Amino acid sequence: MDITGKIKGIKYKKMIDKDLNKFSLEKFDINSASSTSLIFDKQNLLAISKWVSPKRTRSYPYERIYDSMHISKKITVIPIIKDEGKNGDRDFLQWDTISLMSLLDICVIFAYYSHANANKSSNKITDQKFDNNYVLSKIKEIEDYHSSGLHWNLKELANLHCIVDKAKNNYLKIEEETKIRLHNFSGINNFENKIAKDLKDFMEFSRAKSEKAQNREYKTIQSKERLNTLSKSKITIQNYLGGKYFFTVDEVELNKSTVSLIENKHSKNSVLPSESDVKDGLVKMILYSNLTSVKADGVPMESMAVLRLTSNIFIGLISSESVKKDIVDSFEINNLSEKQKAFIECLFKEANENNFIVQICGTKQ
């Protein structure tokens, strides 16, 4: 099944708080900072997160984004290229990542690595570090920038070929310093040429690769996903500029004129999936709960976003729609800690505030 929808703007009230480290801009170093931090400067408060790879499936980048969503001015630092060496992975920035950040009103700093160490045993480079001075200069620019994250990202994208040059030159230096052979630089040159032509070509180049990835995922059922119907479906979301990005919904359920878009998170050995997994799923809820003009195989439908948390250990089923007594009974049956109870209550409150559903259930029903 193919699902399509539009997002004109994001409205979302975040409930799950995390104590974020606070820095003055003068003392901030992106390389030693936490995955998400706060920066105070000139009466301004900014949230800044960082990605360890331009690839979305590595290291829970959505969790980092979620933790910054309560701050009005949000920044995320993403490497445009990450090369681990000829024996390792090499990932490139995709347009759809930029589009997603723009939808969430997050300013992207397109960054590059300027230092790395050699891992002789694996013949790869490791401990890659951003050019912190460059990141600081961009933070200062964003402080004084008074338009949306979308417009910042489009502005920076127009000059992205300059950052590609910096990345390439720094990887040449890293290769010489570490004596670790990297991937053939023709791949970076091709990436640069695609960007340099114009924004439209870059979008189409990256969209095509993203769409292929969507098709691959659509055909694959991950072992950790315990699906009731095995009904993976493609979803294509369009923003108000016409930009598209592609996801795969873990599961869909049809009930008359309503289609439920279900994101699954599973735990094999714990009573609940990890907080990182849950937050990763919540970013999908931010998107799915703000969809309009939804169609399933071309048929207009109402939509409902559902975050389904499953576990081999959890007993029974509760949801954000359950009555208080059933929730309390479930807490007792599953012998949940006070911390786990508080987390679920907060999660259910977030679901009710933002018009989506959270379900928690065991796999042995």
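Residues numbered from 1 in each chain as written. Predicted model: local features only at pLDDT ≥ 70, side-chain atom pairs only at ≥ 80, totals over all residues. Heavy atoms only, no water.

**Q** If you had to explain the packing of helix α9 (residues 324-333) against helix α10 (residues 338-353) to someone new, which residues and values would you point to?
**A** Following both chains from N to C, one finds α9 and α10 inclined at 150 degrees, their axes separated by 11 Å at the closest point. Considering the angle they form, α9 stands roughly antiparallel to α10. Considering the relative orientation of α9 and α10, their crossing is right-handed. Here Lys324, Ile327 and Phe331 of α9 lie close against α10, whose contacting residues are Lys341, Ile344, Glu345 and Phe348. (Axes fitted to C-alpha atoms, helices over the stretch in contact; angles between N-to-C directions. Helix = DSSP H or I, 4+ residues; strand = E, 2+ residues; numbered from the N terminus. Parallel < 35°, antiparallel > 145°, perpendicular 65-115°, else oblique. Left-handed = near helix turned anticlockwise from the far one by under 90°. Contact = heavy atoms within 4.5 Å.)

**Q** Tell me about the sheet that holds strand β3 (residues 36-41), residues and numbers included.
**A** Read from one edge to the other, the open sheet built from five strands follows the order β2-β3-β4-β5-β8, with strand pairing classed as mixed. Each edge of the open sheet is held by one strand with a lone partner, namely β2 (21-24) and β8 (106-111). The mean inter-strand angle of the sheet, taken between neighbouring strand axes irrespective of direction, is 30 degrees. Pairing geometry for β3 and strand β4 (residues 44-50), over six bridges, is antiparallel. (Pairing = 2+ DSSP bridges.)

**Q** Could you give me a rundown of the layout of surface pockets, with the residues and numbers involved?
**A** Empty space among the atoms becomes apparent when a probe as large as a water molecule is rolled across them. What the second largest pocket holds in volume is close to 240 Å³. Lining the second largest pocket are Ser270, Leu272, Pro273, Ser274, Glu275, Lys339, Gln340, Ala342 and Phe343. Per-class residue counts for the lining of the second largest pocket are four nonpolar, three polar and two charged. (1 Å grid on protein atoms, 1.4 Å probe; cavity = no way out; pocket = protein on both sides within 12 Å on 5 of 7 lines; lining within 4 Å. Points joined across faces, edges and corners; volume = space filled by probe spheres on them. Nonpolar A, V, L, I, M, F, W, Y, C, P; charged D, E, K, R; others polar.)

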